[in-house]
Amino acid sequence: MSGISGSVEQMTQGHLRNVQQLAVFYTGHSNIYAINIAKVKAFIITEEVAINDTPKDTDVIAGIATIRGEPVTLINLDAWLGLPALAVKDYKLIIFCEFNHKKIGFLVKDMLDIVEKTTQELRHTEETNSKITYTTYVRVNNKDELCTVFNAEQLLRDIHWTDDGSDEIKKYVDEKIHSSKLVLAAEDSGVAREVLSSFFEESGLDYEIYANGTLLIKRLEELNPDKIGMVITDIEMPGTDGYQVAAFIKNNKNLSHIPVIVNSSMTTDAVRGKMSQVGVDGFVGKTDISNLFKLTKKFLLR
């Protein structure tokens, strides 16, 4: 445990080798799930923090923990997955994360491992289950076991933590952006694609959205670079991820002038620093429509 809960920062260099590092854990019912380590701020032993059982609208919210002097909402993944929730004390660990500047802790039964997977080893399954981003296999007791990476964007929407409805988008998009340029986007989350589509429509933009970076890069190679106004990409995608998309553009002399905006729920300083090293032009948290609108106007109307 001490090795895993040491410096999370040291575990977040995977993009430099085109791999994703996953924190693999057991749910309360011993199902194997995972989360991208770049979303993790720390691993906390549950019994070492004070937890308040606050009033709540859903069993998915298990209470509020005080972590590092701050209130952190605790999420019971079992309840969200449709399984019986265990008592808080029966979960050994809290995976402390930050999504779009919101601090959240996931109750898990125990950690299993930190594993590295190439993006080619991740299988996209969101079309069949919106709560799953993708699946892969991990080695447990000399056997390959199915591991599920859960869809954090869907979870945040389900607990009403995102301002991504059409009314909210209209609130922040107060004018049309008059540009003849095409905007390309890569986003593997169906929830986030819906938000981006609504945003582009409300902004009056010409756009194309692709479900992964591979398809976006293929489209880039087909188009006249001067026709492209900007590229918006998620980071965490199977196949070709956002690091690779940004590097492909910024390392290509014919494309490097195209602004690249990262649209990700991974908003930690470590992730921002790594994307800056690649040379991206902006960073916006998913569903942060206000900032996305400002950045889009900045780069399309310059």
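These notes cover the structure that comes with them. (Residues numbered from 1 in each chain as written. Predicted model: local features only at pLDDT ≥ 70, side-chain atom pairs only at ≥ 80, totals over all residues. Heavy atoms only, no water.)

Focus on the environment of L86
Following the sequence through the fold, L86 ends up in the loop between α1 (77-80) and β7 (93-99). Of the residues examined, L86 reaches a relative accessible area of 27% and is grouped as partly exposed. In the structure, L86 is positioned 10 residues away from N76 in sequence and 8.5 Å away in space, judged by C-alpha atoms. (Helix = DSSP H or I, 4+ residues; strand = E, 2+ residues; numbered from the N terminus. Buried < 20%, exposed > 50% of the residue type's maximum accessible area, 1.4 Å probe, protein only.)

Considering empty space enclosed by the protein
Empty space among the atoms becomes visible once a probe the size of a water molecule is rolled across them. Evaluated as defined, the whole model comprises five cavities of 30 Å³ or more. Counted as a void, the second largest cavity has a volume near 90 Å³. Taken together, 14 residues form the lining of the second largest cavity, with K39, E153, D234, E236 and K286 sitting closest to its centre. Looking at the lining of the second largest cavity residue by residue, the class counts come to one nonpolar, six polar and seven charged. (1 Å grid on protein atoms, 1.4 Å probe; cavity = no way out; pocket = protein on both sides within 12 Å on 5 of 7 lines; lining within 4 Å. Points joined across faces, edges and corners; volume = space filled by probe spheres on them. Nonpolar A, V, L, I, M, F, W, Y, C, P; charged D, E, K, R; others polar.)

A closer look at the pairing of strand β17 (residues 282-285)
Here β17 shows a buried face lined by G282 and V284 and a second buried face lined by F283 and G285. Two elements, strand β16 (residues 260-264) and β17, share four bridges in a ladder whose sense is parallel. Counterpart to S264 in the pairing with β17 is G285. (Pairing = 2+ DSSP bridges.)

Observations concerning the nonpolar core
Grouped together as the largest cluster of nonpolar side chains are 27 residues, with contacts concentrated most on L184, V231 and M275. Going through the elements one at a time, β13 (182-186), α5 (213-222), β15 (228-233), α6 (242-250), β16 and α7 (269-278) are the ones with two or more residues in this core. Ranked by the residues each element gives to this core, the list is headed by α6, at four residues. Residue contacts for L184: discarding those within four places in its chain leaves E208, Y210, L216, R219, L220, L223, I228, M230, V231 and I232. Grouped together as the second largest cluster of nonpolar side chains are 26 residues, V60, I75, W80 and L93 included. (Core = buried A, V, L, I, M, F, W, Y, C linked by side-chain atoms within 4.5 Å. Contact = heavy atoms within 4.5 Å.)

Focus on the packing of aromatic side chains
Geometrically, a pair of aromatic rings is defined through the distance of the ring centres and the angle of the planes. All told, the structure shown has five aromatic pairs when counted by the stated rule. On the basis of an interplanar angle of 70° and a centroid distance of 5.1 Å, the ring pair of F106 and F150 is categorised as edge-to-face. Highlighted residues: F106 in strand β8 (residues 102-108) and F150 in strand β12 (residues 143-150), separated in sequence by 44 residues. An aromatic cluster is defined as three or more aromatic residues linked by ring pairs; in this entry it consists of F199, F200, Y207 and F293. Over the ring of W80 we find K131, and its NZ or CZ is 5.0 Å from the ring centre. (Phe/Tyr/Trp six-rings, centres within 6.5 Å; stacked < 30°, edge-to-face > 60°. Lys NZ or Arg CZ within 6 Å of the ring centre and 35° of its normal.)

Here's the deal with unusual backbone geometry
A positive phi is found at S30, a non-glycine position, where the angle reads about 65°. Secondary-structure assignment places S30 in the loop between β1 (19-26) and β2 (32-36). The residue R68 is not glycine, and still its phi comes out positive at about 55°. Using a relative accessible area of 60% as the deciding quantity, one classes R68 as exposed.

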